[in-house]
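Tertiary structure, described
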Amino acid sequence: MASPAVHRTSIQRLSTFKDRTTTTTGTSSSLSLLDSFASDPIFSKFLSSDFNSTQFSSDALSSGTAAARAEKIQDGIRLLEKQLRSEVLNRHDDLLAQLSSVKDADSSLASIRSAVSTLQSSVRRIRSEIADPNRQIRSKTVQLSNLHFTVDLLQSTVRVLRLSKKLREVMAEPDVQKLDLSKAAQLHSEILRLCNENDLSGIGVIDEELKLVFEAGQWLRSEGMKALERGLEGFNQAEVGSGLQVFYNLGELRSTVDGLINKYKSQGVKSVSVALDMKAISGGGGGFGGPGGIQRSGTPQIGSGGKAKEALWQRMGSCMDQLHSVVVAIWHLQRVLSKKRDPFTHVLLLDEVMQDGDPLLTARVWEAIVKSFANQVKSTFTASSFVKEIFTLGYPKLLSMIENLVERISRDTDVKGVLPAITVEGRDQMVGAIEVFQTAFLVLCLSRLSDLVNSVFPMSNRGSVPSKEHISRIISRIQEEIEAVQLDARLTLLVLREISKVLLLLAQQAEYQISTGPEARQISGPATPAQVKNFTLCQHLQDIHGSISTMTKGLPPIASDILSQSLNTIYEVACDSVTSLFQSMLDRLESCILEIHNQNFGATDNNSSSYMEELQKHISHFRTEFLSKLLPSSAKVISIGTETICTRLVRSMASRVLIFFIRHASLVRPLSESGKLRMARDMAELELAVKARGDKEFSPVYPLMLSLGSSITENNVVSRNPI
């Protein structure tokens, strides 16, 4: 089986010639031979890359044609050997040329080996010649570097020692007031900078000096902070600037200012907490504190409420003073920072403390105070019923404290060219912190006035009429509410809105009490109890309207605008209480005047007119029985001049009667000479009855009466065109 394997190898080697392209005949014949082998079912297997000789032999033996296949393979071998021999002969020249090239390559390689050997020998000689100088140069370079480092250390050490000597000389001044803290801080900072930059730690003399430098630094910080605090407490710009310069030279300006901000924040927050601490208030209220001195609801024991209330207001006053001191101190610090510059670098100190977009120092402290105050107020409102009651009843006083605090801070920080400590928004934030008590105060105000109105005008008893004392109580209570908040314009307007609600409620309750039946409209007999009640309600509402209108005269115009709707409502209700009576009277008088057409003015008759007698009788009865009760001498005046509601209605009714008479008198036909005299007499009696002659209120009507009289005299009634 070895022979087929050898044959396979030969065929596979010859197959590589398929990739070569030549123009010789031998090459073409070899290609045709290989092609024939590839198409042969037996030889093609030898060209396969996965040819297995064992498998091939096994297949030949099993097929029974092993001898035939062996013979065929021998023929193929002979053909391949013949073909190889032909290829060698055809390519003889090329093979000889390749053999010559190999010999030349061997010769060149030998020359290269000799040159490489010579080069290596030269390199070894050069290396041996420069190795020692290189070692010397390296050694000298390291030595030079060490010398430079040593020189730098010595120079820095000498510099530090000189600066340390200057620092000791500056610190040797016995009088602290004359000691130049800024220069000492500058020397201290320079010494530490040199030590850190040059890593002088470990040098004995430097370590000894650093101990003194650190001690001096602690002393400088202490003295600088003392100067800074003295300046802030006394508002001394020079001391504040000196202290800030010390910390700037020490490189600790920002951290120092941040520490001061946090310190004053804590003071403000603590003052608020202490002011609203009910346990402390009860404990300091005159010996009534101690265990059980204050109950769980925040209410002092019975009998100690007055002292606790006084103590609470005292603590709030002290709190306002402390907050004023804190804010003004921070504003003073901010003011100095915004003006102070380093004398050498001319850097503004405020730029070292704040970056673009950072809030002002005063804004940071005020925000913390407002936040703490708001939280404490909210907690107290919920936890302590006693404080809630005190601040609700005394909200005007609490608001006045806040307003005075803001006003004092604004006044003390009002310096030209410097931003104020508190803005309008900051003021609103502080006032908004006690808004919960404002709401409770307004609710209480509305409740007090509403309860009083409901007690004076009870819905359960419609027939009852409030007395003058009851009305005076309502007016006095309203006046007290206004006077309690009159010092604060904003709170005054809020209270006036609540008063407006109460006045609307009062008008509604009074309107419910008005009698509207036939008894309220009758005019033939004496005034009925229902009419008297309406008269009383009208007068009471007039008193309220007049008194409230008088109160608002000293207030801003917007106060009148707030109360205008409710006052108008009260005025309308007061008018409604007697309008039906006057309307009935007007209808009666008009019906009397209409009787003029049933009179005979063409006949000769000097008797007085019956309709005029009837009209005068009704007017006299109305004046005696009704107007005398509606126009008491003590009635208060309202709105326009000194005219009351009743006066206005009387004048309106009189004007209407005069105009009605003129219209119908001008239509009377026929009219004799005696009729003219009778008509003139009726006119005079009517003027006297309504008292219209010479009254300026009847100035639009009275000329018509004169015109009618002239027309009657001149017998020219037809050509006239009266109203």
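It is worth spelling out the overall build of the chain at this point. If you tally the helices and strands in the chain, you get 26 helices and 0 strands. Counting all 723 residues of the chain, 41% fall into the buried class. Sequence-distant contacts, at least 24 apart, represent 76% of the contacts inside the chain between residues at least 6 apart. As presented, the chain carries roughly 39,200 Å² of accessible surface, and 54% of it is formed by carbon and sulfur atoms.

Another aspect to go through is a positive patch on the surface. On the surface, a cluster of positive charge is contributed by Arg 159, Arg 162, Lys 166 and Lys 183. Ranked by the residues each element gives to the positive patch, the list is headed by helix α5 (residues 92-171), at 3 residues. Along the chain, the position of Arg 162 falls in helix α5.

Structurally, Leu 667 is set in the loop between α24 (645-665) and α25 (673-690). Judged by its relative accessible area of 55%, Leu 667 is exposed. With 71 residues separating them along the chain, Leu 667 and Ile 596 place their C-alpha atoms 9.7 Å apart.

A surface patch of nonpolar side chains, amounting to about 250 Å² of accessible area, comprises Leu 109, Ile 112 and Val 116. Here Ile 112 shows up in helix α5. For Ile 112, a relative accessible area of 49% translates into the label partly exposed.

Another aspect to go through is the packing of helix α7 (residues 204-234) against helix α8 (residues 237-250). For the pair α7 and α8, the least separation of the axes is 7 Å and the interaxial angle reads 150 degrees. Relative to α8, the element α7 lies roughly antiparallel. Once α7 is placed against α8, the crossing between them reads as left-handed. Taken together, the residues of α8 that come into contact with α7 (itself represented by Leu 220, Arg 221, Gly 224, Met 225, Ala 227, Leu 228, Arg 230, Gly 231 and Leu 232) are Glu 239, Val 240, Gly 243, Leu 244, Val 246, Phe 247 and Leu 250. Of the residues contributing to the contact of α7 with α8, the split by class is 10 nonpolar, 3 polar and 3 charged.

Attention now goes to a negative patch on the surface. Where like charges cluster on the molecular surface, the negative patch consists of Asp 351, Glu 352, Asp 356 and Asp 358. Considering the arrangement of structural elements, one finds Glu 352 in helix α12 (residues 349-353). For Glu 352, a relative accessible area of 35% puts it in the partly exposed group.

Cut-offs applied
Residues numbered from 1 in each chain as written. Predicted model: local features only at pLDDT ≥ 70, side-chain atom pairs only at ≥ 80, totals over all residues. Heavy atoms only, no water. Helix = DSSP H or I, 4+ residues; strand = E, 2+ residues; numbered from the N terminus. Buried < 20%, exposed > 50% of the residue type's maximum accessible area, 1.4 Å probe, protein only. Contact = heavy atoms within 4.5 Å. Areas by Shrake-Rupley, 256 points an atom, 1.4 Å probe, with all protein chains shown as cover. Patch = residues over 30% accessible without salt bridge, like charges linked within 9 Å, V, L, I, M, F, W, Y side chains within 5 Å. Salt bridge = Lys/Arg side-chain N within 4 Å of Asp/Glu carboxyl O. Lys, Arg positive; Asp, Glu negative; His and termini not counted. Charge placed at Lys NZ, Arg CZ, Asp CG, Glu CD. Axes fitted to C-alpha atoms, helices over the stretch in contact; angles between N-to-C directions. Parallel < 35°, antiparallel > 145°, perpendicular 65-115°, else oblique. Left-handed = near helix turned anticlockwise from the far one by under 90°. Nonpolar A, V, L, I, M, F, W, Y, C, P; charged D, E, K, R; others polar.

Scope: geometric values only; no functional claims are made or implied.
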